[in-house]
Amino acid sequence: MSLERFWDIIAQSRSGFDPNRRDGNMDSQVTRLRLILSELSVEEIGSFDNTFTKLFHDAYRWDLWAAGYIIEGGCGDDGFTDFRYWLISMGREVYENAMTDVESLANVAFTPGIEVTRFEGFRFLAREALRRMNASDNDAGLMAFEHPASPAGNEWDDGDLPRRFPKLTAAADQYGAHHEIHRRTPVERLSDGKPFTRPRRWPTLPD
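Residues numbered from 1 in each chain as written. Predicted model: local features only at pLDDT ≥ 70, side-chain atom pairs only at ≥ 80, totals over all residues. Heavy atoms only, no water.

### With respect to the overall build of the protein
Of the regular secondary structure elements, the protein holds 11 helices and 0 strands. Residues classed as buried in the protein amount to 51% of the 207 residues present. When contacts within the protein are restricted to residue pairs at least 6 apart in sequence, those whose partners lie at least 24 apart make up 78%. Surface accessibility of the protein: about 10500 Å² in total, with carbon and sulfur atoms responsible for 48%. (Helix = DSSP H or I, 4+ residues; strand = E, 2+ residues; numbered from the N terminus. Buried < 20%, exposed > 50% of the residue type's maximum accessible area, 1.4 Å probe, protein only. Contact = heavy atoms within 4.5 Å. Areas by Shrake-Rupley, 256 points an atom, 1.4 Å probe, with all protein chains shown as cover.)

Here you go:
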């Protein structure tokens with residue numbers, strides 16, 4: 001499967017996105033992607049999953065983690081994993097723009113119709129489809145990727161964020177209080193009840 005075909009599938013899964021709908025866009029995308037994958041061959045699904053994994057690993061960067069931290073009001077290990085799933089789910093333009101300049105997400109994350117910026121369930125739909133087809137990893141041609149040991153780029157402290165990412169910081173200040181994720185408690189924002197694992201020198205969330 002070509003990269004273009006992968007992104008076309010993601011775009012098709014987003015075809016029902018409605019900016020006027022406060023909730024339900026993510027559920028709709030899951031339903032659409034599940035249907036699309038059900039019509040693919042085992043090999044195509046495996047290729048889709050391989051491409052997804054590569055893009056996911058490529059996004060393991062300190063600047064993108066900073067973006068997730070600012071947008072979410074805090075972002076631990078699991079949160080950044082789910083943030084990268086969300087980033088891929090948003091499609092090629094959003095993903096590639098963010099890979100070029102994370103500040104571009106200031107014009108995306110707080111727009112109408114965006115429920116949250118974490119999308120755990122989106123990642124596992126290809127594997128789910130393979131299980132339904134009783135296909136093994138070998139049947140699908142799944143590759144054994146090794147997740148990067150540490151994020152790429154320059155590490156940061158929370159005091160650096162306004163200076164390094166002024167657009168994201170301003171957008172979070174302006175719209176964050178009205179965004180669903182910021183109406184949750186700090187613990188809910190970080191982990192939804194899961195233990196919060198700090199990376200090296202991870203900044204402390206304010207009370």
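### Re the side chain of Asp 49
Inspection of the secondary structure puts Asp 49 in helix α3 (residues 42-58). Leave out the neighbours within four places in its chain, and Asp 49 touches Arg 123, Ala 126, Arg 127 and Leu 142.

### Some remarks on the packing of helix α4 (residues 62-72) against helix α10 (residues 166-175)
Contact pair α4 / α10: the axes reach a minimum separation of 9 Å and the direction vectors enclose 15°. Judged by the inter-axis angle, α4 sits roughly parallel to α10. Considering how the two elements wind past one another, α4 and α10 form a crossing that is right-handed. Along its contact with α4, which presents Ala 67, Ile 70 and Ile 71, the element α10 presents Leu 168, Thr 169 and Ala 172. (Axes fitted to C-alpha atoms, helices over the stretch in contact; angles between N-to-C directions. Parallel < 35°, antiparallel > 145°, perpendicular 65-115°, else oblique. Left-handed = near helix turned anticlockwise from the far one by under 90°.)

### With respect to the packing of aromatic side chains
Within the structure shown, the criterion is met by 19 aromatic pairs. Considering the side-chain rings of Tyr 60 and Trp 65, the 6.1 Å spacing of their centres and the 40° angle between planes classify their relative orientation as tilted. By relative accessible area, which is 13% here, Tyr 60 ends up buried. Residue classification places Trp 65 among the buried residues on the basis of a relative accessible area of 1%. Ring centres of Trp 62 and Trp 65 lie 5.5 Å apart, and the angle between their planes is 15°; this geometry places the pair in the stacked category. One end of the pair is Trp 62 and the other is Trp 65, both in helix α4 and 3 residues apart, which spans about a single turn. Trp 62 gets classed as buried once you look at its relative accessible area, which sits at 4%. An aromatic cluster is built from Phe 6, Trp 7, Phe 48, Phe 52, Phe 56, Tyr 85, Tyr 95, Phe 119, Phe 122 and Phe 124, whose rings are joined through pairwise contacts. (Phe/Tyr/Trp six-rings, centres within 6.5 Å; stacked < 30°, edge-to-face > 60°.)

### Concerning the environment of Thr 117
Considering the arrangement of structural elements, one finds Thr 117 in the loop between α6 (92-100) and α7 (125-132). Owing to a relative accessible area of 0%, Thr 117 belongs among the buried residues under this scheme. Considered as a pair, Thr 117 and Asp 82 are 35 residues apart in the sequence and their alpha carbons are 7.8 Å apart. Here Glu 72 takes part through its side chain, which lies 2.6 Å from a polar atom of the side chain of Thr 117. (Polar contact = N/O pair within 3.5 Å; in protein donor to acceptor, adjacent residues only side chain to side chain.)

### A look at unusual backbone geometry
Phi is positive for Asn 134, which is not a glycine, with a value near 55°. Among the structural elements, Asn 134 can be located in the loop between α7 and α8 (137-140).

### Things to note about the confidence of the model for the protein
Per-residue pLDDT for the protein has a mean of 86; in total, 85% of the residues score no lower than 70. In this model residues 177-207 is a low-confidence stretch, pLDDT under 50, and it forms 78 contacts with partners more than four residues away in sequence or in other chains. (pLDDT = per-residue confidence, 0-100.)

### Looking at the pattern of salt bridges
When the charged atoms of two side chains with opposite charge come close together, those side chains can pair. Taken as a whole, this structure holds 11 salt bridges when the rule is applied. A salt bridge links Glu 4 to Arg 92; the nearest nitrogen and oxygen atoms lie 3.9 Å apart. Of the two residues, Glu 4 sits in helix α1 (residues 3-13) while Arg 92 sits in helix α6, which places them 88 residues apart along the sequence. Across the pair Asp 49 and Arg 123 runs a salt bridge whose closest N-O atoms are separated by 2.7 Å. On the criterion of sequence distance, the pair formed by Asp 49 in helix α3 and Arg 123 in the loop between α6 and α7 is long-range, its members being 74 residues apart. Three or more residues are tied together by salt bridges with common partners; here these are Glu 4, Arg 92 and Glu 96. (Salt bridge = Lys/Arg side-chain N within 4 Å of Asp/Glu carboxyl O.)

### Quick notes on the nonpolar core
The biggest cluster of nonpolar side chains holds 60 residues, and the ones touching the most others in it are Phe 48, Trp 86, Leu 87, Leu 105 and Leu 168. At the level of secondary structure, the elements contributing two or more residues to this core comprise α1, α2 (25-38), α3, α4, α5 (77-89), α6, α7 and α10. Ranked by residues supplied to this core, first place goes to α4 with 8 residues. Here Trp 86 is in contact with Met 26, Leu 105, Val 108, Ala 109, Ile 114, Val 116, Thr 117, Arg 118 and Phe 119, once residues within four sequence places are set aside. (Core = buried A, V, L, I, M, F, W, Y, C linked by side-chain atoms within 4.5 Å.)

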